[in-house]
Amino acid sequence: MGYIKGAERGQSILFPATLDEYLEEDNPVRAIAAFLARLDFAKLGFVRARAAETGRPGYDPRMLMGLFMWGHLNGVRASRKLEGECRRNVEVMWLSRNLRPDFKTIADFRKDNSGGIKGVLTEFRLWCRAEGLFGSELVAVDGSKFKAVNSRERNFTKAKLKQMIERERAKVNEYLEAVATADEADDEAAQISAAQLKEKIAGIEKYLAGHEKLAQELAASGESQVSLTDPEARLMKTSHGREVGYNVQTVVDSKHKLIVTYEVTNERNDLGQLARMAQQAKEALQVEELTVLADGGYCEGNALKECEEAGITTFVSVPESKEAERRGIFKADKFRYDQQRDLYVCPQGEELPHRYTTFDQKRNKELKVYMTKACGACPLRSQCTTSKHGRRLKRWLHQAVIDRLQQRNRGQPELLKQRKELAEHPFGTIKRSMNQGYFLLKGIQKVTTETGLTVLSYNLKRVMNIMGVAEMIRSLETANAWST
């Protein structure tokens, strides 16, 4: 029977009269255009938000912003690739009105409008809030590592530099000894070998001098590591080992798993991020009270106390210390705390009253120390302490904050399980489905802008799946002003 036959390549074809006829009514670019049409780009602070009366005309920032939104939505983030799409992709031709900006114009728009791009993301969140797409009651905080434009070979820690310098010095000494041995020989082959060795020594000494200089600069800076390609990126632990990257923090609303707010840091763990992210979410959602879920990596007393004082209820896994188990002694939870008398009662029934208060500089906490003189004659001493001074217990001055957290966790354990499906869903979509688990730009400010575009495209994709493109466009066209 043969195959379905296509048109001859040299045959003339009568194309549709307009680009609009190529796009279905529910094409996502129509939603992008409808959203951007409602924004005041001058108010958002975009460069050239209003056309100049004199000089060469520039590109409308609405068109360039739409180009980046389409690009991140479709996994095309590089400015050179976006330039190519303007010449061949019908969706982009429609969105750009068939304009073809070069890659430098596209890249410069992103570089010069970081504040405006963040403002667009805020406007989209405000519209979502006006449409009731945020529950604004329960959110989850989480962080994930995103790879930077910096290989591990271009990242140096103090320990790595020390090891490299020692190895290079040893190699130089080894070659010097070989040169001395070769110089003592009279045959021609040995002289050629000595010349080759000297050439190798010169090469190693060049690397050695560079590494020694880098070690000196690192010591003077007070930092623990340095990255040469992207100076602000840091070596971090990931599920795949160690990578040089950034730690991206997000807060996800429970209703539709939309990202409320985000932040990019080069902190290697999540400790200390909870209070800041929770308060940003509370402000973004414009609520008086908020419940926040987080994993054990965020459990830090001062942050929990700060959240409690700000009207934020936390549900955070409390990691168990393995120190007592490692030393083979009773865990602290074997000691009962008497709140009224402010003392601990040990498993043997002896009382450990409060003796003195100290300040832990490393943890930034004021600690109360409890101890007793009864440890000397205790039959359970070997199971309780290895110190000659007896067992000492330390209690944070605001330990009641942790106690209330643990009580909440026990009362609603299902929330800790819900945290995982809320917080990890966006990262899974961004990294796997959208293939945006790595950065193209360098420096915290630039990668924050890049993250903002990724978050905007993720939220846009979620809303289109929830509402549908046609309903989203209708809502945008009929909605009252949502900005505050």
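For the structure itself, look to the data block above.
The numbering scheme is per chain: residues are counted from 1 as the chain's sequence reads. In keeping with the predicted nature of the model, local features appear solely for residues at pLDDT of at least 70, side-chain atom pairs appear and are counted solely at 80 or more, and the whole-chain, interface and lining totals rest on all residues. Side-chain metrics rest on all non-hydrogen atoms present in the structure, leaving aside hydrogens and water.

Chemist: Describe empty space enclosed by the protein, and please don't skip the residues or the numbers.
Modeler: A 1.4 Å probe that fits into a set of points on a 1 Å grid over the protein atoms alone but cannot get out defines a cavity; an open set with protein on both sides within 12 Å along at least five of seven lines defines a pocket, and lining residues are those with an atom within 4 Å of a point. Grid points are joined across faces, edges and corners, and a volume is the space filled by probe spheres set on the points. Applying the stated rule across the entire model yields three cavities of 30 Å³ or more. Computed from the structure, the largest cavity encloses a volume of approximately 110 Å³. Along its surface, the largest cavity is lined by 16 residues, and C346, C375, C378, C384 and R391 are the ones closest to its centre. By the convention adopted, Pro, Cys, Tyr, Trp, Phe, Met, Ile, Leu, Val and Ala count as nonpolar, Lys, Arg, Asp and Glu as charged, and the other residues, Gly among them, as polar. Here the residues of the lining of the largest cavity are counted per class, giving ten nonpolar, three polar and three charged. If you add up the space inside the second largest cavity, you get close to 80 Å³.

Chemist: Please give an account of the environment of T386 that cites residues and values.
Modeler: A run of H or I in DSSP counts as a helix once it spans at least four residues, and a run of E counts as a strand once it spans at least two, with each numbered from the N terminus. Positionally, T386 belongs in the loop between α12 (381-384) and β13 (392-396). A simple rule labels every residue: compare its accessible area, found with a 1.4 Å probe on the protein chains alone, to the largest value its type can have, and call it buried under 20%, exposed over 50%, or partly exposed in between. Since its relative accessible area comes to 58%, T386 is described here as exposed. Considering only alpha carbons, one finds T386 and R327, 59 residues apart in sequence, at a separation of 8.1 Å. The contact definition used throughout considers only heavy atoms, calling two residues in contact when any of these lie within 4.5 Å. In this structure, T386 is in contact with R327 and I329, ignoring residues within four places of it in sequence.

Chemist: Account for the packing of helix α3 (residues 79-88) against helix α5 (residues 103-112), naming residues and giving values.
Modeler: One way to put it is that α3 packs onto α5 with a least axis distance of 8 Å and a crossing angle of 125 degrees. By the criterion of interaxial angle, the relationship of α3 to α5 is oblique. Crossing angle aside, the handedness with which α3 passes α5 is right-handed. Taken together, the residues of α5 that come into contact with α3 (itself represented by S79, R80, L82 and E83) are F103, I106 and A107. Each residue belonging to the contact of α3 with α5 can be placed in one class, and the counts come to four nonpolar, one polar and two charged. Axis geometry follows a simple rule: fit a line to the C-alpha atoms, using only the stretch in contact for helices, then measure angles between N-to-C directions, giving values from 0 to 180 degrees. Any angle from 65 to 115 degrees is called roughly perpendicular, while one under 35 is roughly parallel, one over 145 is roughly antiparallel, and all others are oblique. Helix crossings get a hand from a simple test, with the near helix turned counterclockwise from the far one by less than a right angle marking a left-handed crossing and a clockwise turn marking a right-handed one.

Chemist: So what's going on with unusual backbone geometry? Residues and values would help.
Modeler: Most peptide bonds are trans, and most residues other than glycine sit at a negative phi. Not every positive phi belongs to a glycine, and K257 is a case in point at roughly 60 degrees. The topology assignment puts K257 in the loop between β5 (241-253) and β6 (259-265). We note that D342 has phi near 55 degrees; this positive angle belongs to a residue other than glycine. Within the secondary structure, D342 sits in the loop between β9 (336-338) and β10 (343-345).

Chemist: With reference to specific residues and values, describe helix α15 (residues 444-467).
Modeler: The span expected for a helix works out to 1.5 Å for each residue beyond the first. Its 24 residues place the ends of α15 34 Å apart at the C-alpha level, agreeing with the 34 Å of an ideal helix rising 1.5 Å per residue. In the segment just after α15, G468 is the residue with positive phi, at about 90 degrees.

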